[in-house]
Amino acid sequence: MSSQNSQHIVVVGTKPDIIKQAPIYHELKNRGHDVVLCHTGQHYDHNLSQSMLDEFGVREDVNLEVRGGVNDLVSGITAKLALYLRGFAERGGFPITYVHGDTTTAMAGSLATFGERQALVHVEAGLRTLSPKPEVLRGWIEQGADLDWASFREQSIDRDSWSKGSKEPSPEQFNTRVADAGSDLHAAPVELNREFLIDEGFAPAAIDVVGNSVVDALEQAIAGSDKNQVLEKFPQMGDGSFLRFCVHRRENTTNRDRFNLLMEAMESLLEQGHHVLFIRLLGTEAAIDNFGRRQWLEDLEARYGDALISTPVWDSYLDVVAAMSMCAVIVTDSGSIVEESNVLEVPCVTLRFGSDRSETFLAGSNFLAPPIHKDLMVSVIHHVFEHRAELSWDRVYPEKASAMLVDAVERRLDNNSLLISEEWRYGLQAPLR
């Protein structure tokens, strides 16, 4: 194992993959490593794939072109990626595969490298959901519209208010656990992720806290973004009053009761006089049609005019970042957007029962509004909006994450410790013959 015969295979499959893996790809390239970009094909629409590749200046070297449902993606990516990686080893190389986060691509990538007994670097490892303890959540629900902001905020930043064990977001929590099980280097974003991994029995020496490469991606996006481009299309956003509202997680968009509750909460916010930027992702569009909400949305757009911007997901990440930075509050069920809002210093509300970026709860940049009680959701969002000027927090994700991650890989290549073995765990040499 050496850097001389190592091939670094950076795998992407979804829009968040491309955003967060591109800085790592560039860092490896800039240091002179042999790097290829492998696209699994999981996301293939232009605004979820090619537009992101173009903006971040990367080009796929191979596209596995896997399509279908979850099981089709898992089996297809695993088989095709394993075959592709096998070729590197057969030519005498030492392939190192990089998968990101909690996607199906990451989980299948872990299966492929495990089967080939090749090295896997899990970027954004150790994502585990923290949810409110039952007594805490019940207390919030009982308050509902009369939520006491001071006590709610105090509980939100108190680690003792939260507990582990959630399977949501699903299948993301499954994906990240499988990816971690097959990883040789767990590249954890924050100390909390390291703590989760160690609690689960992973070898401490296989875990490095390296930050989150979304910071590197945001740095590039902020430098290239132009708020005026957004304002030319949506001038009403210039007053900084908009709530960016987006819902796309499967547990929210495939559950009729939850989705309807979320849409009713958005309508209540508009009735209260809030301005809303409603971003419709693929899962959102499907839920709107599946649950008979298309006419309702059209009526809402007509009723509220400029106070409601309702739009499909945008092609340009630069425009997304510019718009987010102009919003008053970001209201979402996304994990990546929670990270971005922390860095952009825009307060966030999470529309789930917990978050796998729970470090943002503890930092005070993100607050929970679980989709179980409309009055509670609306109250949390309204309170965060009203108190946004007094909210401040230390950014939880450091700069230069991609450099720290590649440093961690290079250290392991230098001391021949990237592939985990029992001999390595005990600090022993390989068996003598």
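This structure is a prediction, so every number in the text was calculated from the model and none was measured.

Colleague: Would you explain the overall build of the chain in this entry?
Modeller: If you tally the helices and strands in the chain, you get 20 helices and 15 strands. A compact globule built from 433 residues should have a C-alpha radius of gyration of about 22 Å, and the chain, at 22 Å, falls within 12% of that. Taken along its principal axes, the extent of the C-alpha atoms in the chain is 75 × 45 × 40 Å. Residues classed as buried in the chain amount to 59% of the 433 residues present. Sequence separation of 24 or more characterises 73% of the internal contacts of the chain that already satisfy a separation of 6 or more. In the chain, 40 positive and 64 negative side-chain charges are present, and the distance between their average locations comes to 4 Å.

Colleague: Just to check I follow, could you spell out helix α7 (residues 172-181) for this structure?
Modeller: Working note: α-helix, 3.6 residues per turn, so residues spaced by three or four point in the same direction. Among the ten residues of α7, seven are classified as buried, and the element is accordingly described as predominantly covered. Those residues of α7 not exposed but buried are Glu172, Gln173, Asn175, Thr176, Val178, Ala179 and Asp180. Structurally, α7 contributes buried residues whose contacts are with α4 (104-116), β5 (119-123), β8 (185-188), α8 (191-199) and α11 (250-253).

Colleague: How do you make sense of the sheet that holds strand β2 (residues 34-39) when you look at a structure like this?
Modeller: Strand pairing in a sheet relies on backbone hydrogen bonds, with the paired strands running either antiparallel or parallel. If you trace the seven strands from one edge of the open sheet to the other, you get β3-β2-β1-β4-β5-β8-β9, paired in parallel fashion. One side of each edge strand has no neighbouring strand; the edge strands of this open sheet are β3 (62-63) and β9 (207-209). Strand direction decides the pairing type here: β8 and β9, joined by three bridges, are parallel. When the bridges of β9 are listed, histidine 186 appears paired with isoleucine 207. Along the sheet face, α8 touches β8 and β9 and points at about 165 degrees away from the line of β9.

Colleague: What's the story with the packing of aromatic side chains in this structure? I'm lost.
Modeller: Ring pairs (aromatic) are described by centroid distance and by the angle formed between their planes. Under the counting rule described, the total for this entry stands at ten aromatic pairs. Ring geometry for phenylalanine 234 versus tryptophan 314: centroids 5.9 Å apart, planes at 15 degrees, classification stacked. Here phenylalanine 234, found in the loop between α10 (227-233) and β10 (242-246), pairs with tryptophan 314, found in the loop between β12 (308-312) and α15 (317-326); they are 80 residues apart in sequence, far enough to count as distant. Both residues of the pair, phenylalanine 234 and tryptophan 314, belong to the buried class. Here the aromatic residues Trp140, Trp149, Phe152, Trp162, Phe361 and Phe367 are joined through ring pairs into a cluster of three or more. Geometry around tryptophan 296 places arginine 293 over its ring, the cationic atom sitting 4.6 Å from the centre. Between arginine 388 and the ring centre of phenylalanine 385, over which it is positioned, the NZ or CZ distance is 4.0 Å.

Colleague: For this particular structure, what's the right way to read the nonpolar core?
Modeller: Soluble, globular proteins show a tendency: their nonpolar side chains are buried together. Core analysis: the largest hydrophobic core is formed by 111 residues, its most contacted members being Tyr98 and Phe245. A per-element tally of this core places helix α12 (residues 256-271) first, with eight residues. Setting aside residues up to four positions removed in sequence, phenylalanine 245 forms contacts with Leu262, Met263, Met266, Leu269, Val276, Leu277, Phe278, Ile279, Val331 and Leu351. By size, the runner-up hydrophobic cluster in this structure holds 18 residues, among which are Val66, Leu73, Leu81 and Ala108.

Colleague: Whenever I open this one, the pairing of strand β1 (residues 6-12) confuses me. Can you help?
Modeller: Looking along a regular strand, one sees the side chains alternate between the two faces of the sheet. When you tally the buried positions in β1, you get seven out of seven residues, the bulk of the element. What you see with β1 is no split at all: Ser6, His8, Val10 and Val12 on one side and Gln7, Ile9 and Val11 on the other are buried throughout. The pairing of β1 with strand β4 (residues 94-100) spans five bridges and is classified as parallel. Bridge assignment links glutamine 7 to a residue of β4, and that residue is proline 95. The pairing of β1 with β2 spans six bridges and is classified as parallel. Note that in β2 the partner of glutamine 7 across the bridge is aspartate 34. With respect to chirality, the unit in which β1 leads through helix α1 (residues 15-30) into the neighbouring parallel β2 is right-handed.

Colleague: Quick question: what am I supposed to make of the pattern of salt bridges here?
Modeller: Where charged atoms from two side chains of opposite charge approach closely, those side chains can pair. Applying the stated criterion across every chain, the model contains 29 salt bridges. In this structure, a network of salt bridges that share partners links the residues Lys20, Asp102, Glu124, Glu339, Arg352, Asp356 and Arg357.

Calculation notes
- Residues numbered from 1 in each chain as written.
- Predicted model: local features only at pLDDT ≥ 70, side-chain atom pairs only at ≥ 80, totals over all residues.
- Heavy atoms only, no water.
- Helix = DSSP H or I, 4+ residues; strand = E, 2+ residues; numbered from the N terminus.
- Rg over C-alpha atoms; globule rule 2.2 N^0.38 Å.
- Buried < 20%, exposed > 50% of the residue type's maximum accessible area, 1.4 Å probe, protein only.
- Contact = heavy atoms within 4.5 Å.
- Lys, Arg positive; Asp, Glu negative; His and termini not counted.
- Charge placed at Lys NZ, Arg CZ, Asp CG, Glu CD.
- Pairing = 2+ DSSP bridges.
- Axes fitted to C-alpha atoms, helices over the stretch in contact; angles between N-to-C directions.
- Phe/Tyr/Trp six-rings, centres within 6.5 Å; stacked < 30°, edge-to-face > 60°.
- Lys NZ or Arg CZ within 6 Å of the ring centre and 35° of its normal.
- Core = buried A, V, L, I, M, F, W, Y, C linked by side-chain atoms within 4.5 Å.
- Right-handed = clockwise from strand over helix to strand, strands pointing away.
- Salt bridge = Lys/Arg side-chain N within 4 Å of Asp/Glu carboxyl O.

Don't take any of this as a statement about function, it's just geometry.
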